[in-house]
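Architecture and fold: a report
Spelled out, the chains give:
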Amino acid sequence: MADSDRLENSPIIANPQKQTKLLAALYLAQEEYGWLNPEAIEHVADRLGLSPGQVRSTASFYSMFNLEPQGEYRIQVCEGLSCYLAGGAETIIDYLAHLLNIQPGETTADGKFSLEVVQCIAACGSAPAMRVNDELYENLTLERIALIIRELEGGSP
Amino acid sequence: MPRESDLPKIVAVNTDEGEPGTFKDREIVEQDPHQVIEGVLIAAYAIGASRAYVYIRGEFFLGVKRWIKAIADAYEAGFLGKDILGSGFNLDMSVHRGAGAYICGEETAMLESLEGKRGEPRQKPPYPASVGLFGLPTLVQNIETLACIPHIIQRGPSWFAGIGTAESKGPKIFSISGHVNRPGNYELPLGISLSDIIFGYAGGIPGGRHLKAVIPGGASTPFLRGDQVNVPMSFEGLAEAGSALGTGGIIVMDESTCIVEAVRRLSKFFAHESCGHCTPCRIGSWRIYEILERVEKGEGHSGDIDLLLDLVDGIDGHTYCPMGSALVNPVRSAIQHFRPEFEYHLTHKSCLVNGVK
Ligand code: FES
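Residues numbered from 1 in each chain as written. Chains lettered and ligands numbered in written order. Predicted model: local features only at pLDDT ≥ 70, side-chain atom pairs only at ≥ 80, totals over all residues. Heavy atoms only, no water.

**Observations concerning the overall build of chain A**
- The helix and strand tally for chain A stands at eight helices and four strands.
- Listed by position from the N terminus, the elements making up chain A come as α-α-α-α-α-β-α-α-β-β-β-α.
- The burial tally for chain A puts 52% of its 157 residues in the buried class.
- Sequence-distant contacts, at least 24 apart, represent 56% of the contacts inside chain A between residues at least 6 apart.
- Carbon and sulfur atoms form 48% of the exposed surface of chain A, whose accessible area is close to 7,500 Å². (Helix = DSSP H or I, 4+ residues; strand = E, 2+ residues; numbered from the N terminus. Buried < 20%, exposed > 50% of the residue type's maximum accessible area, 1.4 Å probe, protein only. Contact = heavy atoms within 4.5 Å. Areas by Shrake-Rupley, 256 points an atom, 1.4 Å probe, with all protein chains shown as cover.)

Structure below.
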């Protein structure tokens, strides 16, 4: 049986080293550039020896890659069935929209918050749930949401 | 897996489950990576693979971090790498983070994604066992299965087969959510009664309200009525009741739930997550969602229920991958069990249960 070096060099694998790293590279670029602007796409394409079109095509398939600028805090509220049954979804989305004075899909004028609606974030057993950047918030109440926003308004990420 | 092939073989671990009501993978990913690493090692040894890829759902931030650490620890302890514990067996393992696409739970879509491409499913055959990741023979397994393997090896197959029913063997992690007092993940023998899970383990329904409907096996399985819950949670038991075990994700709805709204919401999920590859799924799911949306709002047309059933028939079995047909079950079964509620929306332009809420 081959060791992993033979695997990496296997002739039937067309450049696996490059393409396999694409998702990871996109995450890194997104962190560095804030979002996947044309410059970031170019950078990734350059480093992996792919065409910018190829990179953009893959990036656009996945919801976690931002092809538009986002707020410093990207708030994603789940509207899935379990969150809805637990009293979440629109109740929370409407509350946040009112609190931040933006609609889902928008970013606050100061660039601090963006609000998004997502489908399910695997917290259905501790619903309602939302995510802010890498942080998952579960068993939400409107009072807790107000506190979370107040805290984020004060601090930096 | 072709025995005679001298191509390098691969194990690919799927943890990309992500549909409303099913949340067991997150718990396994976050809470016990080492149990799974052991399972992967055994699986790799069994098929003679020396490379394993662990694909973790993009949203599991904590899980990704824990897996990177767990794999590093396993290398450090000599459980991964070259000549593991002097056995002459080699296995390299790496973590790959998905990026938010439900379809990547489908095995060939996951392989595409692992290769750094758009996660669109491949045509089968060939199956991944002969042509998988990078064209190599690949064993794709779900994380829940792999987590069972060390225990089966340690205690023997008859121990495992002694749990559950004659046709559905072993334990299963049931995720339960919705209108119950204690939602969460419960590992129980297959064949346990659905009503025991809802009223026993999950503590029953809040506020003493009545049970109206249950989705017993994740968002793509048919609805059961509240009076159908004396059913064993096994493949055969649920099939007999007209539903399916699916992922074991149980969604409980009490009498305050509008079924039209519940299905509308599920259909939005499926429409949203369609990868767009084939027409019945891409167009059909959005059409179903739009119709349910107007019916729910009281703006439906008189033929809408039949139109929904027509659309569902057009999708069923005509999609490129099984995910495409996933929407068929909840829509068809909801109409079958709760047709008067759909009709009420059409004739009264309002919801039957609003008063109860
Ligand atoms: S439905 Fe909201 S987290 Fe699953």
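That covers the picture; the talk isn't over yet.
**As for the side chain of B:T22**
- With respect to the helices, strands and loops of the structure, B:T22 is situated in the loop between β1 (9-15) and α1 (24-31).
- At a separation of 2.8 Å, a polar atom in the side chain of B:T22 contacts the side chain of B:T247.
- If we skip the residues at most four places from it in the chain, B:T22 touches A:C124, B:E17, B:S175, B:G218, B:T247 and B:G249. (Polar contact = N/O pair within 3.5 Å; in protein donor to acceptor, adjacent residues only side chain to side chain.)

**Considerations on helix α8 (residues 142-154) of chain A**
Residue and element names in this part refer to chain A.
- With 13 residues, α8 should cover 18 Å at 1.5 Å per step; its first-to-last C-alpha distance of 19 Å lies within 8% of that length.
- Within α8, burial applies to I145, A146, I148, I149 and L152. Buried residues of α8 fall within an arc of 165 degrees about the axis and therefore sit on the same side. Opposite the buried face of α8, by more than 90 degrees, sit the exposed residues E143, R150, E151 and G154. (Expected span 1.5 Å × (residues − 1). Arc of directions from axis to C-beta.)

**Remarks on the pattern of salt bridges**
All names here are of chain B.
- Counted under the stated rule, the structure contains 30 salt bridges over all chains.
- Of the charged contacts, one joins E106 and K124 as a salt bridge, the two residues approaching to 3.2 Å between their closest N and O atoms. Of the two residues, E106 sits in the loop between β3 (92-97) and α4 (107-114) while K124 sits in the loop between α4 and β4 (138-142), which places them 18 residues apart along the sequence.
- Since its relative accessible area comes to 29%, K124 is described here as partly exposed. (Salt bridge = Lys/Arg side-chain N within 4 Å of Asp/Glu carboxyl O.)

**Some points on the sheet that holds strand β2 (residues 113-118) of chain A**
Residues and elements named next belong to chain A.
- Spatially, four strands are ordered β2-β1-β3-β4 in an open sheet, and the strand pairing comes out mixed. One side of each edge strand has no neighbouring strand; the edge strands of this open sheet are β2 and β4 (135-137). Pairs of neighbouring strands in the sheet enclose a mean axial angle of 20 degrees, with direction left out of account.
- In terms of strand pairing, strand β1 (residues 73-78) meets strand β3 (residues 130-132) through three bridges, oriented antiparallel. Residue V77 lies in a different strand from β3, and its bridge partner there is M130. (Pairing = 2+ DSSP bridges. Axes fitted to C-alpha atoms, helices over the stretch in contact; angles between N-to-C directions.)

**Notes on a negative patch on the surface**
- A cluster of acidic residues, A:E31, A:E32, A:D134 and A:E135, forms a negative patch at the surface.
- Of note, A:D134 is situated in the loop between β3 and β4. (Patch = residues over 30% accessible without salt bridge, like charges linked within 9 Å, V, L, I, M, F, W, Y side chains within 5 Å. Lys, Arg positive; Asp, Glu negative; His and termini not counted. Charge placed at Lys NZ, Arg CZ, Asp CG, Glu CD.)

**Details of the domain arrangement of chain B**
Residue and element names in this part refer to chain B.
- As far as domains go, chain B holds domain 1 (9-157), domain 2 (171-254) and domain 3 (259-348).
- On the domain 3 side, the residues contacting the twelve residues of domain 1 number eight residues.
- Taken together, both faces of the contact between domain 1 and domain 3 bury some 990 Å²; the carbon and sulfur share is 75%.
- Looking only at domain 1, the three residues that lose the most surface to domain 3 are Y102, I103 and P121, adding up to 52% of its buried area.
- At the boundary of domain 1 and domain 3, one finds zero salt bridges.
- Taken together, the links from domain 1 to domain 3 amount to three residue pairs in polar contact (both at pLDDT 80 or more). (Domains from an automatic or database assignment. Buried area = accessible area lost by both parts, 1.4 Å probe.)

**Quick word on helix α3 (residues 22-33) of chain A**
Residue and element names in this part refer to chain A.
- Between its first and last C-alpha, α3 extends 16 Å over twelve residues, near the 16 Å set by a 1.5 Å rise per residue.
- If you check which residues of α3 are buried, you get L22, L23, A25, L26, Y27, A29 and Q30.
- Count one or two residues on from α3 and you reach G34, which has phi positive near 90 degrees.

**What to know about the pairing of β3(B)**
Residue and element names in this part refer to chain B.
- Sheet topology places strand β2 (residues 49-56) next to β3; six bridges connect them, and they run parallel. What sits directly across from I56, in β3, is R97.
- As a crossover connection, the stretch from β2 through helix α3 (residues 61-76) into β3 is right-handed. (Right-handed = clockwise from strand over helix to strand, strands pointing away.)

**A few points about the nonpolar core**
- With 79 residues, the main nonpolar core has A:L36, A:Y62, A:F65, B:I103, B:F223, B:I288 and B:F342 as its most contacted residues.
- With residues near it in sequence (within four places) discarded, A:L36 still touches A:L26, A:A29, A:Q30, A:I41, A:A59, A:F65, A:N66 and A:L67.
- The next biggest cluster of nonpolar side chains, apart from the first, holds 33 residues, and it includes A:A122, B:A74, B:L91 and B:I143. (Core = buried A, V, L, I, M, F, W, Y, C linked by side-chain atoms within 4.5 Å.)

**Describing the sheet that holds β1(B)**
Residue and element names in this part refer to chain B.
- Judged by pairing direction, the sheet is parallel, and its four strands sit side by side in the order β3-β2-β1-β4 without closing on themselves. Pairing within the sheet leaves two strands with one partner each, and these edge strands are β3 and β4. Strand after strand, the sheet turns through a mean of 20 degrees between neighbouring axes, direction not considered.
- Where helix α5 (residues 143-155) meets the sheet, its contacts fall on β1 and β4, and the angle it forms with β4 comes to roughly 90 degrees.

**Some points on the pairing of strand β5 (residues 171-178) of chain B**
Residue and element names in this part refer to chain B.
- Counting buried residues in β5 gives seven out of eight residues, a clear majority hidden from the surface.
- Pairing geometry for β5 and strand β6 (residues 184-189), over six bridges, is antiparallel. Along β6, the bridge assignment pairs I173 with E187.
- Linking two consecutive strands that pair antiparallel, namely β5 and β6, is a turn of five residues.
- Two strands pair when backbone bridges link them, and β5 and strand β9 (residues 249-254) are joined in this way by four bridges, in the parallel orientation. When the bridges of β9 are listed, S175 appears paired with G249.

**Some thoughts on the packing of α3(A) against helix α4 (residues 38-48) of chain A**
Residues and elements named next belong to chain A.
- As a packed pair, α3 and α4 sit with axes 10 Å apart at the nearest point and diverge in direction by 140 degrees. Taken together, α3 and α4 sit at an angle that is classed as oblique. Note that α3 runs across α4; the crossing there is right-handed. Contacts between α3 and α4 involve L22, A25, L26, A29 and Y33 on the former and, on the latter, E39, A40, H43, V44 and L48. (Parallel < 35°, antiparallel > 145°, perpendicular 65-115°, else oblique. Left-handed = near helix turned anticlockwise from the far one by under 90°.)

**Looking at the packing of aromatic side chains**
Residue and element names in this part refer to chain B.
- Enumeration over the complete set of coordinates arrives at 13 aromatic pairs over all chains.
- Ring centres of Y102 and F270 lie 6.3 Å apart, and the angle between their planes is 70 degrees; on these two criteria the pair is classed as edge-to-face. Of the two residues, Y102 sits in the loop between β3 and α4 while F270 sits in helix α9 (residues 259-273), which places them 168 residues apart along the sequence.
- Classification of Y102 as buried rests on a relative accessible area of 11%.
- A relative accessible area of 5% places F270 in the buried class.
- Seen in terms of ring centroids, W286 and Y289 are 5.7 Å apart; in terms of plane orientation they differ by 75 degrees. Their pairing is edge-to-face. One end of the pair, W286, and the other, Y289, are both in helix α10 (residues 279-296), three residues apart, so they sit about a helical turn from each other. (Phe/Tyr/Trp six-rings, centres within 6.5 Å; stacked < 30°, edge-to-face > 60°.)

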